[in-house]
Structure formats: C-alpha cells, structure tokens
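Examination of the molecular architecture
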Amino acid sequence: MYTEMRIPRLRAALWTSTRGDSASVADGAKHNCEAQEEWNVGNNEVLTSSQIFDAGIEDWRQLAGPIRARFPTDDFTQGLVFVNAIGEAAQKANHSPDIALTSTGVTVTLSSHGVGGVIDDDIALARRISELAAEAGLAADTASLMQAEFALDTGSGDRAASFYAALLGSEPAGVHSGGDLVDPTGQMNSLLWWQEPRENSRFPLPESAVPQSWHLDVWVSHDEAENRIAAALAAGGQLVSDKAAPSYWVLEDPDGNRACICAPMVH
C-alpha cells in the first residue's frame, strides 16, 4: 500500500560529467590560490530553498537538492564550445559541476558535494555560467527540468538494499535515513530509496485499489509543478491528494498506480 512520501534532504546531483523540505558526482582539479580567492565568495552554509529562490538566478531551478539549468543548442558543436567555456569557469572556481552534453542541449547541475547542498559558491558559478550562455546566445529552458526517483514501499529496507545493490551495481547514496542507492557511474540518473509503511501519516491517503510496492517521484521546479500536474491529468490521470502541496502531489495513472509530483519549498 502506498503511504506517505518522505521528502529527502539536500544532496549532490546524481549526474556525472558527461540530485523547506527539498532533497540528491564528481570532484574537480585543484587550482592556484589566486583563482580560489577570486571565486570562494561565500561560506559553506547550505542554503535553503527560499534562499536559493531569493538569489535571483533566473536560468536555474532547484529540484531534489542541487540547482540545475538546461540550455538548448542548435547542434553538438555549439554545445561542446559552451561546455568548454563552462569547464574553464569551473576550474577558476575550483568547482566541479555535473554536465550532460547532447546534440540538443547542455544541462548543468551544481551542488557542493562536501557539504551535501547548495552554497554561495554554487550560486556564484551559476551566475557565471548564465553569463557565458548569454554571450553564446543561448537561452535557458526551465520548463523541461526534472529529476526522477523510485521508492519501494517495504518494511525490510536493509534486505531489499542488498538485492538491488547487486542487481544494479549501485552503492548507498546517503540521502534517506531509511536507505537508498545510486549508480556510481552516472548512467542511471535516478535514485532508489526505501519507504517504510506508516500508520500515522501527516497526509493520509485513501486506500489504493491497485496493489503497488513501487512508486515514482518526479521532481520539477516550483513554477512548473502545476503545469506538469495539469498535463498528467489531461492524459488520463487523477489527483489523489494535494494535502502536502506545494511540497508534493499524489496522482494516479489510468490503472490506479500512484506517483508523486515533487517540488522544492519556496516562499
């Protein structure tokens, strides 16, 4: 039975170069002290979702912890030039953003892995990357940003974790107190976690007509959640509960299987 979805704490993104109640991998090279002094503008205090929102980084959105931006490109070559520029900026910042380059765009995820969240230095690098995008004539696409997680409803998380770690070649992510797994190679951009059944949920749900052990959590930006919900409802889904909104909404597909739309909590 589906119970309550627990929002994870902040964590580094699950992408490799190439994841208030918000929740979600690489280390860069070392550079000279002058470059570090230029870019280490803030402290190591993890920012809240509201603080990230107040920073005014319009190209970027927080999903399950880190901040992310996607810049569509005309072709692979344009994207590669942009990635190289990001790489130079990241070296000066002594930072290591997670980058996904395809023939249609560049997606950048920022988080400070050492502290498990977004700090001032991430915001500073995000602003610099946006400047580079503007110089290249690239506009951000915030509506398409998302991150998926899969949760298994089980009272035996430790036992399940061993099986799925072997099955997927995964390792503990350290996001959820009940246990979770992440692909260390970055090939699977998703997190698996274990959700124990709860009898006294803050946001109780009606009984499901369909037996279901797995459910999908889809993280989108705070300003895209309603659009994504509307699209799912128009495609035949049903809204089960919005009691936890704007943190998450529970939906059902046409067969009664449940999934959640999740968003970071801002003002």
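Residues numbered from 1 in each chain as written. Predicted model: local features only at pLDDT ≥ 70, side-chain atom pairs only at ≥ 80, totals over all residues. Heavy atoms only, no water.

Next up on the list: the overall build of the chain. Looking only at helices and strands, the chain has 6 helices and 11 strands in total. By residue count, 48% of the 267 residues in the chain fall in the buried class. Put simply, the chain shows about 12800 Å² of open surface, and 50% of that area lies on carbon and sulfur atoms. (Helix = DSSP H or I, 4+ residues; strand = E, 2+ residues; numbered from the N terminus. Buried < 20%, exposed > 50% of the residue type's maximum accessible area, 1.4 Å probe, protein only. Areas by Shrake-Rupley, 256 points an atom, 1.4 Å probe, with all protein chains shown as cover.)

Glancing now at the pattern of salt bridges. Applying the stated criterion across every chain, the model contains 5 salt bridges. In this structure, arginine 70 and aspartate 141 form a salt bridge, with 3.5 Å as the shortest nitrogen-oxygen distance. Of the two residues, arginine 70 sits in strand β2 (residues 67-72) while aspartate 141 sits in the loop between α4 (120-135) and β5 (147-153), which places them 71 residues apart along the sequence. Residue classification places arginine 70 among the partly exposed positions, given a relative accessible area of 21%. Of the residues examined, aspartate 141 reaches a relative accessible area of 24% and is grouped as partly exposed. (Salt bridge = Lys/Arg side-chain N within 4 Å of Asp/Glu carboxyl O.)

A few words on the packing of helix α3 (residues 76-92) against α4. Helices that pack against each other are described as a pair by the angle of their axes relative to one another and the distance between those axes. One way to put it is that α3 packs onto α4 with a least axis distance of 10 Å and a crossing angle of 145°. Where α3 crosses over α4, the handedness of that crossing is right-handed. Residue-level contacts link Phe82, Ala85, Ile86, Ala89 and Ala90 of α3 to Leu125, Arg128, Ile129, Leu132 and Ala133 of α4. Tallied by class, the residues present in the contact of α3 with α4 amount to 9 nonpolar, no polar and 1 charged. (Axes fitted to C-alpha atoms, helices over the stretch in contact; angles between N-to-C directions. Left-handed = near helix turned anticlockwise from the far one by under 90°. Contact = heavy atoms within 4.5 Å. Nonpolar A, V, L, I, M, F, W, Y, C, P; charged D, E, K, R; others polar.)

Right, let's get into helix α5 (residues 157-168). With 12 residues, α5 ought to run about 16 Å at 1.5 Å a step, and its terminal C-alpha atoms sit 16 Å apart, in line with that. Residues Gly157, Ala160, Ala161 and Tyr164 constitute the buried set of α5. One face of α5 carries all of its buried residues, which in axial projection span an arc of 105°. Residues of α5 that are exposed and angled more than 90 degrees away from the buried face: Asp158, Arg159, Ser162 and Ala166. For α5, the elements touching its buried residues are β5, β6 (180-182), β7 (190-195) and β8 (214-219). In the stretch just after α5, glycine 169 is the one whose phi turns positive, near 65°. (Expected span 1.5 Å × (residues − 1). Arc of directions from axis to C-beta.)

Taken together, 4 strands build an open sheet; the order of strands is β1-β2-β4-β3 and the sheet is antiparallel. Of all the strands in the sheet, just β1 (61-62) and β3 (98-102) have a single pairing partner and so form its edges. The sheet contact formed by β1 and β2 spans 2 bridges and is antiparallel. Note that in β2 the partner of arginine 61 across the bridge is arginine 68. Contacts from α3 reach β2, β3 and β4 (105-110) within the one sheet, and its direction differs from that of β3 by about 165°. (Pairing = 2+ DSSP bridges.)

Take the environment of serine 96 next. Positionally, serine 96 belongs in the loop between α3 and β3. The spacing of serine 96 and aspartate 122 is 26 residues in sequence and 9.9 Å in space, taken between C-alpha atoms.

Further remarks concern the nonpolar core. Grouped together as the largest cluster of nonpolar side chains are 25 residues, with contacts concentrated most on Trp60, Ile67, Phe82 and Ile129. Elements represented by at least two residues in this core include exactly β2, α3, β4 and α4. It is α4 that provides the largest number of residues to this core, a total of 6 residues. Here isoleucine 129 is in contact with Trp60, Phe71, Phe82, Ile86, Val108 and Leu110, once residues within four sequence places are set aside. With 9 residues, the next largest nonpolar core counts Leu63, Ala64, Trp219 and Val250 among its residues. (Core = buried A, V, L, I, M, F, W, Y, C linked by side-chain atoms within 4.5 Å.)

With that out of the way, let us pick up the packing of aromatic side chains. As enumerated under the stated definition, the model contains 5 aromatic pairs in all. Judged by centre distance (6.2 Å) and plane angle (90°), the rings of phenylalanine 203 and tyrosine 248 are edge-to-face. Note that phenylalanine 203 is positioned in the loop between β7 and β8 and tyrosine 248 in strand β10 (residues 248-252), a separation of 45 residues in sequence. For phenylalanine 203, a relative accessible area of 21% corresponds to the partly exposed category. Classification of tyrosine 248 by relative accessible area gives buried; the value is 5%. (Phe/Tyr/Trp six-rings, centres within 6.5 Å; stacked < 30°, edge-to-face > 60°.)

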